[in-house]
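Residue strings, one per chain:
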Amino acid sequence: MSVPLSTYRLQITAGFDLDAAAKIVDYVGSLGADWVYLSPLLKAEPGSDHGYDVVDHSLVDPARGGAAGLVRLAAAAHQAGRGVLVDIVPNHVGVASPVQNAWWWDLLQNGQQSRYAEAFDVDWAFGHGKIRIPVLGDDGLDGRTELDRLEIVDGELRYFSMRYPLASGTADDGASPIVVHDRQNYELVNWRRADTELNYRRFFAVNSLAGIRVEVPWVFEESHREIVRWVRDGLVQGLRVDHPDGLADPAGYLESLRRATNGCYVLIEKILEGREAVPASWATAGTTGYDALADVDRVLVDPAGQEPLDALETRLQGVATGWSDLVYRNKRDVTDGILRSEVLRIARLVPSDAENLEPTIEALADLLAWFPVYRSYLPVGLENLREAARRSAFQRPELQSEIDRLLPLLGDPGHLAAVRFQQTSGMVMAKGVEDRAYYRFSRLTSLNEVGADPDEFAVTAPEFHERQRTRQAGFPHSMTTLSTHDTKRGEDVRARIAVFAEIPAEWEAALGQLRAAHPLNDAPFENLLWQAIVGAWPASRERLAAYALKAAREAGTATTWTQSNAGFEAALGDLVTAAVASGPTRELLIALVDRLQQPGWSNSLTQKLLQLTMPGVPDVYQGSELWETSLVDPDNRRPVDYARRRDLLTRLENGWLPPVDETGAAKLLVTSSALHLRRDRPDLFTRYLPVPAFGPASNNVVAFDRGGAITLTTRLPIGLHEAGGWGDTAIAVAGRTVVDVLTRQRFDGPSLRVADVLARYPVALLVAADDRVRPPNRIGRYA
């Protein structure tokens, strides 16, 4: 099995296709990355900019360059010595345009008699033999129902531009469109009915992404035939599996994938909660790195800021709000709202009083809301089910008897209710936490990130070291990351926001002025929004307005996606305009950013070097080798200016040592230097040992030795400055003379004064002076 030493993630779209990717392979190599890492490539819904809505498993998307484009990209990569890692989507398919998806079209046309009925996860009995499609709008004021708008056109049922198949012989007698509709194997229903009456499994609450059953052997084989061909033909060396938590049997799926690909490198997009670990028996090298992101973020947060920021959050919320209680309430909103149809389906799988399912439904919803991790993998994780049962029964003693009845069924790996419960718990966590609670908890929003627990405010350097030892011992080839296409805030936005933990009183004062000038009457959301604006500054009105609207609707406290509040949204737009237009608000923001900028950049360089050199396979998300100040998607999927990056990289290669400034060139220096060292000298990254610091500012150091490469970084830069700097703080390097790979300066051991080593940059990457870095020699490794 080939294992990457690092990766560079590219979002492949119609506007940046496989041929465009091939043209920057040389840049990726010059940057120092080992493999190119591609977003999904199979044919997706027309116009899709992400590729997670696959409609045809047999084709590389022509809009993304097609099969020939993949061959050209792979050839360019392999000729340069680069490998290729590709994102795949086994859990669901795109069904927004049925005519685009042959499996779904056949299912709608032929119903339970379709060959593909087994491929989809449909509760036919609940739908009275039909699959419900929630696409109809509300009935109009003109007296017509939405069904009156149906038409028969060219042998198809049409609802506006949407096209649906007709079962054989159902439209031969000239019947009205409504009558013809009633004869089909599907039923078009009002979109609002999806919350409670949907009868097919989806990706989360997205009606246009239908789950498929890859646990069925032929479904796996046919949905993976093209993917397996890429690996067996040598085009692709590794796979990243999207959302394995949605599958009925993730472990079985990974084993099938291992056998089909002869054990190629496989990563899983798995979000771990707390000290949860990937099951050791799974056929995977590890996760896509959100767990590493959380560790890096928190070692840069000042724990002294927790108490004042907690107090501020309590005042803004109006009540003392614990994170776990907020999570529970938001998950209950989800189980009682947009995912109630999933809860009801589990209830139908449990033997119950058919006349009164409410006790079962209520107990299931509460267990899902209290479930402490995304899901279990029975029998692994049974303790999480028991913990949810304990919490639920403690809070709701009237549910005790029903919970006791359900527990043996939900803990039985072979029971259909247990399988469905496991698939559903991750949906509830994602929608209740990532897409809701994260937007309602504003204490320090750099912590509100995918795969992270906002309740964990900070970690000490010793705790950080212990977690990296665990990573090195258990999953040394797991990915590490700081930014992805799914992160809520780019890495450098989070790095700047983290500084608020060092100056909580200053932030509270500035926030008070901003709220007084532009009140929205939603104090926690205002805190979240202003943190985002400051963190992403400078940003255009267009970008900030798009973020503000999405964040407000996700929070759902003043406006929502389905019931927008025009007055609130207008005030939101005015706030953003005031932020970017000349005037007192903009001046206040500029002054605040000036206060945060240098310590924020210090955090940025520290977190980048930590992530690139800690145990694991580091990924660099497209463009994040310079300052990455994106907000939530689609902002984090904007085109990247590679011409600018090439120019800056060429200057670095010619010996330029840039200042730490707006260009981000210092970050490019850190990124390229660390990536080159990891790629060209992997022998220097074989272990993990903390490097202790001694002296007055030892608490401001995070340093470790990876087996010859020593990482030295700065944490809590404002506190360091206010205490008078490094003073005589030092680290020991065992008597060696070392060279900083960034500045090429030499330092004589055994004791190094941190002030000397970090005189130019807040970070250093040290190697022994006699341990010269060899030139790259990886051409042809995958050819």
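Source: prediction; values computed, not measured. (Residues numbered from 1 in each chain as written. Predicted model: local features only at pLDDT ≥ 70, side-chain atom pairs only at ≥ 80, totals over all residues. Heavy atoms only, no water.)

Summing up its helical and strand segments, the protein chain has 27 helices and 27 strands in all. Expected size for 783 residues packed as a compact globule is a radius of gyration near 28 Å; at 27 Å, the protein chain falls within 12% of this value. Expressed along its principal axes, the backbone C-alpha trace of the protein chain runs to roughly 90 × 60 × 55 Å. When the 783 residues of the protein chain are sorted by exposure, 61% land in the buried category. When contacts within the protein chain are restricted to residue pairs at least 6 apart in sequence, long-range pairs at least 24 apart make up 73% of them. Counting 83 positive and 104 negative side-chain charges, the protein chain places the centres of these two groups 4 Å from one another. (Helix = DSSP H or I, 4+ residues; strand = E, 2+ residues; numbered from the N terminus. Rg over C-alpha atoms; globule rule 2.2 N^0.38 Å. Buried < 20%, exposed > 50% of the residue type's maximum accessible area, 1.4 Å probe, protein only. Contact = heavy atoms within 4.5 Å. Lys, Arg positive; Asp, Glu negative; His and termini not counted. Charge placed at Lys NZ, Arg CZ, Asp CG, Glu CD.)

Moving on: the packing of helix H13 (residues 358-370) against helix H15 (residues 400-410). Any two packed helices are characterised by the angle at which their axes cross and by the distance between the axes. The contact between H13 and H15 brings their axes to 10 Å, and the two run at 65 degrees. Compared by their axis directions, H13 and H15 come out roughly perpendicular. Relative to H15, H13 is oriented so that their crossing is right-handed. Mapping the contact onto sequence places Pro359, Thr360, Ala363, Leu364 and Leu367 in H13 and Glu402, Ile403, Arg405, Leu406 and Leu410 in H15. (Axes fitted to C-alpha atoms, helices over the stretch in contact; angles between N-to-C directions. Parallel < 35°, antiparallel > 145°, perpendicular 65-115°, else oblique. Left-handed = near helix turned anticlockwise from the far one by under 90°.)

Membership of the largest hydrophobic core comes to 107 residues, with the highest contact counts inside it found for Trp104, Phe120, Ile131 and Trp230. With residues up to four places along the chain from it excluded, the contact list for Phe120 reads Val93, Trp103, Trp104, Leu107, Ala210, Gly211, Ile212 and Arg213. Counting 97 residues, the second largest nonpolar core, distinct from the first, contains Phe203, Ala369, Ala430 and Leu447. (Core = buried A, V, L, I, M, F, W, Y, C linked by side-chain atoms within 4.5 Å.)

Take the side chain of Glu226 next. Turning to its location among the elements, Glu226 is positioned in helix H7 (residues 217-232). Given the relative accessible area of 11%, Glu226 is considered buried. At 2.8 Å, the side chain of Glu226 and the side chain of Arg229 are in polar contact. Among residues more than four places away in sequence, those in contact with Glu226 are Leu42, His57, Ser58 and Val60. (Polar contact = N/O pair within 3.5 Å; in protein donor to acceptor, adjacent residues only side chain to side chain.)

Before going further, it helps to spend a moment on the pairing of strand S18 (residues 617-621). Among the five residues that make up S18, five are buried, leaving the element largely enclosed by the rest of the structure. Neither face of S18 is open: one carries Val617, Asp619 and Tyr621, the other Pro618 and Val620, and all of them are buried. Here three bridges tie strand S1 (residues 7-10) to S18, and the two strands are oriented parallel to one another. Within S18, the position partnered with Thr7 by the bridge is Asp619. Pairing analysis gives two bridges linking strand S17 (residues 479-480) to S18, with the strands arranged parallel. Looking at the pairing, Thr480 lines up with Pro618 of S18. (Pairing = 2+ DSSP bridges.)

In this structure the tally under the stated criterion is 22 aromatic pairs. Here Trp104 and Tyr200 contribute two aromatic rings whose centre-to-centre distance is 5.4 Å and whose plane-to-plane angle is 65 degrees, an arrangement assigned as edge-to-face. In this pair, Trp104 is assigned in helix H4 (residues 102-110) and Tyr200 in the loop between helix H6 (194-197) and strand S12 (202-203), connecting sequence segments 96 residues apart. Note on Tyr200: relative accessible area 4%, which makes it buried. Of the aromatic side chains, those joined through ring pairs into one cluster are Tyr8, Phe16, Tyr27 and Tyr642. Over the ring of Trp218 we find Arg115; its NZ or CZ atom is 4.2 Å from the centre of that ring. (Phe/Tyr/Trp six-rings, centres within 6.5 Å; stacked < 30°, edge-to-face > 60°. Lys NZ or Arg CZ within 6 Å of the ring centre and 35° of its normal.)

The three strands are arranged S20-S23-S26 in an open sheet whose pairing can be described as antiparallel. Only two strands of the sheet have a single neighbouring strand rather than two, namely strand S20 (693-694) and strand S26 (751-753).

To continue, consider the pattern of salt bridges. Where side chains of opposite charge bring their charged atoms close, a pairing between them can arise. Following the criterion strictly, the structure yields 72 salt bridges and no others. As a salt-bridge pair, Arg149 and Glu146 come within 2.8 Å of each other at their nearest N and O atoms. Residue classification places Arg149 among the buried positions, given a relative accessible area of 18%. A salt bridge links Arg687 to Asp705; the shortest N-O distance between them is 3.4 Å. With Arg687 in the loop between helix H25 (665-680) and strand S19 (689-690) and Asp705 in strand S21 (residues 701-705), the pair connects residues that are 18 residues apart, well separated along the chain. The exposure class assigned to Asp705 is buried, which follows from its relative accessible area of 10%. (Salt bridge = Lys/Arg side-chain N within 4 Å of Asp/Glu carboxyl O.)

Counting through the fold element by element, Arg390 comes out in helix H14 (residues 382-395). Arg390 sits 23 residues away from Leu367 along the chain, and the two C-alpha atoms are 9.2 Å apart.

This part is about unusual backbone geometry. A cis amide bond links Asp633 to the next residue, Pro634, at an omega of 10 degrees. Looking at the secondary structure, you find Pro634 in the loop between S18 and helix H24 (642-653). Note that the residue after Gly749, namely Pro750, is joined by a cis bond; omega there is 10 degrees. The phi dihedral of Leu716 falls on the positive side, at around 55 degrees, and the residue is not glycine. Structurally, Leu716 is set in the loop between strand S22 (710-714) and helix H26 (717-722). A residue is classified by how much of its surface remains accessible, and Leu716, at 6% relative accessible area, is buried.

Glancing now at helix H8 (residues 250-260). Those residues of H8 that fall on the buried side of the exposure criterion are Pro250, Tyr253, Leu254, Leu257 and Ala260. Seen end-on, H8 carries its buried residues on one side only, within an arc spanning 125 degrees. Those residues of H8 hidden inside the fold are in contact with strand S5 (83-88), H7, strand S14 (238-241) and strand S15 (265-268). Asn262, located one to two residues past H8, shows a positive phi value of around 55 degrees. (Arc of directions from axis to C-beta.)

Averaged over all residues, the pLDDT of the protein chain is 95; the fraction at 70 or higher stands at 98%. Low pLDDT (under 50) marks residues 774-783, which in the prediction has 29 contacts with non-local residues, meaning those over four places away or in another chain. (pLDDT = per-residue confidence, 0-100.)

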